[in-house]
Amino acid sequence: MAEVKELVKELVDKYGRERKNLLPVLQGIHLETNYLSKEAMLEVAKQMDLSAAEIYGTASFYSFLDTKADGKYKIRVCKSITCEMAGKSEIIRTLEDMLKVKVGETTEGKRFSLLETNCLGLCDQGPAMLINEEFYTQLTPAKVRKILGEYIRNKY
Amino acid sequence: MSNIKLRKVDVIFSPYSVAPYEILKNAMKRSKDEVVQELIDSGLRGRGGAGFPTGLKWKFAKQQESDQKYVICNADEGEPGTFKDRKLLVEVPRKVISGMAICAWAVGASKGYIYLRREYRYLVSHIEEELELYHKFAKEAGLDFKIEIFMGAGAYICGEETALIESMEGRRGEPRNKPPFPIKNGYLGKPTVVNNVETFASATMVCRMGADEYKKLGTDDQRGSKLFSISGDSPKKGVHELELGMSLEDFANEFGDGDTKAVQVGGVAGFCIPKKQFKTTIIGEGNTTGGSTMIFNSTRSMYNVLHNYLDFFAEESCGQCTPCRVGTQQLLKGIEAVKSKKKPPEYLDQLVKLAETMRLTSKCGLGQSVTNSFSSIVKNFREEMIY
């Protein structure tokens, strides 16, 4: 746990101890550890002098802050109406087949999490998805197989 | 009601002026009151969706006495069907930053933030490069206004300005009661101007063109040009800049696929207009819009459309006030019950009343506007809800 303590200290030193810096601190932890562990949140509470409930309450509000460990790669498929009209369901089916998980689940070994998300702002190029920070548009099952194949072969 | 012919214009995406921040520099040579008055005269309204007159907002912020004021650019573009702010930040970020700086200079703010939605994190390095250029200019020009990016963390409701501020203060993005408005009591309790990305870019263009030239575009009710994010059943999907004041009929003829059954104007928080009302609907009149327009052709089930919207609202409701938290879920369950014949068709009328109640009793725009799309779809496509 010494590592978490160090990381939190580093971030709190960088951004400041005031409450207004809570989101940047949580996001900093998330970037390093891929989620917010209970230990990390408790450490933030301690170092920023806030109650642990406040930290968890804030973190759990936001869809890009995870409070439990899941996949290294988070696949977020846009489920807004225009992406749905452009064939989102087929994209989800392809991903489910390839990863052998359902939406909301994580593959064994915690490599991929398959999620649906609200509008990604790529409505003119749907169906669209994000894999971590990368975005992919005008998806077809064939295109998805190619993209995911590259991730699976660990190109990244 | 007056409408004009549909006309594509090239104001917001027009090329930059010769030197970077020339418009800002010129604005700073004038008096602050003069620049704010120019904005008021231009008739520019907020481009995020609520449509508050931009110049007035700046004027009120300018009148506040405070040791610190803030200017925030709302780039939490989360309304389904909207993607113009992304394009603006990619293609003409300097106009957005200029608008922020002109605002800050006029109202007396020394600190600014671009609240960028988490989904757009890939834009950070690009915007930071632009900010570097801006800060260099500001230093030379002696303008004391610094801008930082603040990353959102994924929440539709944070596009509501007080929820955005809560989020920046390190809390859950739950909207505040208004008044007080942010121009009085905003970020960290200080006077704060929150404007949409497109509003700042448009403000820059008002300063470049002058109010007289700018307001030649549009109608008495709505001045200027506006970016429309067009998606759905359209062969011309994308961002189009149009002069304000055209009828939906012209719009559907231009952007539809010839088989348009309905257009959702203003995102899911806006209205769903059926074909029979295209002629009499002027886009933006009585239904101010952020520019999201989703086009549906006759192959689309309006039940599926509404179901998708309600699923969205139920998920994105912040949960703080009961009408919205419970109402969104009950509307969703309600249309499912009617569709599966567990409830009679008349139950839809009760649901419309519930949606109306949400308009009256919800704390913020999210819960208040659910009834816009709900009632317009249920009333105009009732058979599709039942069978």
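Residues numbered from 1 in each chain as written. Chains lettered and ligands numbered in written order. Predicted model: local features only at pLDDT ≥ 70, side-chain atom pairs only at ≥ 80, totals over all residues. Heavy atoms only, no water.

1. Some points on the sheet that holds strand E4 (residues 134-136) of chain A
Residues and elements named next belong to chain A.
Logical step 1: If you walk across this open sheet you meet the 4 strands as E2-E1-E3-E4, and the pairing is mixed. Every other strand in the sheet has two partners, leaving strand E2 (112-117) and E4 as the edge strands with one partner each. On average, each strand axis in the sheet is inclined to that of its neighbour by 20°, with strand direction left out of account. (Pairing = 2+ DSSP bridges. Helix = DSSP H or I, 4+ residues; strand = E, 2+ residues; numbered from the N terminus. Axes fitted to C-alpha atoms, helices over the stretch in contact; angles between N-to-C directions.)

2. Re the domain arrangement of chain A
Logical step 1: Considered domain by domain, chain A is made up of domain 1 (2-61) and domain 2 (73-154).
Logical step 2: Each of domain 1 of chain A and domain 2 of chain A has a C-alpha centre, and the two are 29 Å apart. (Domains from an automatic or database assignment.)

3. Thoughts on the interface of chain A and chain B
Logical step 1: Listed by partner, the interface residues are 32 residues for chain A and 50 residues for chain B.
Logical step 2: A combined buried area of about 3,200 Å² lies between chain A and chain B, and 56% of that area is made up of carbon and sulfur atoms.
Logical step 3: The three residues of chain A that bury the most area against chain B are Phe61(A), Ile81(A) and Met85(A), which together make up 20% of that side's buried surface.
Logical step 4: Counting across the interface, chain A meets chain B through 5 salt bridges.
Logical step 5: Across the pair Arg121(B) and Glu133(A) runs a salt bridge, and its minimum N-O distance is 3.2 Å.
Logical step 6: One can count 19 residue pairs in polar contact (both at pLDDT 80 or more) joining chain A with chain B.
Logical step 7: Residue assignment for the side of chain A that touches chain B shows that the elements contributing at least two residues are helix H2 (22-33), helix H4 (52-59) and helix H5 (81-85) of chain A. (Contact = heavy atoms within 4.5 Å. Buried area = accessible area lost by both parts, 1.4 Å probe. Salt bridge = Lys/Arg side-chain N within 4 Å of Asp/Glu carboxyl O. Polar contact = N/O pair within 3.5 Å; in protein donor to acceptor, adjacent residues only side chain to side chain.)

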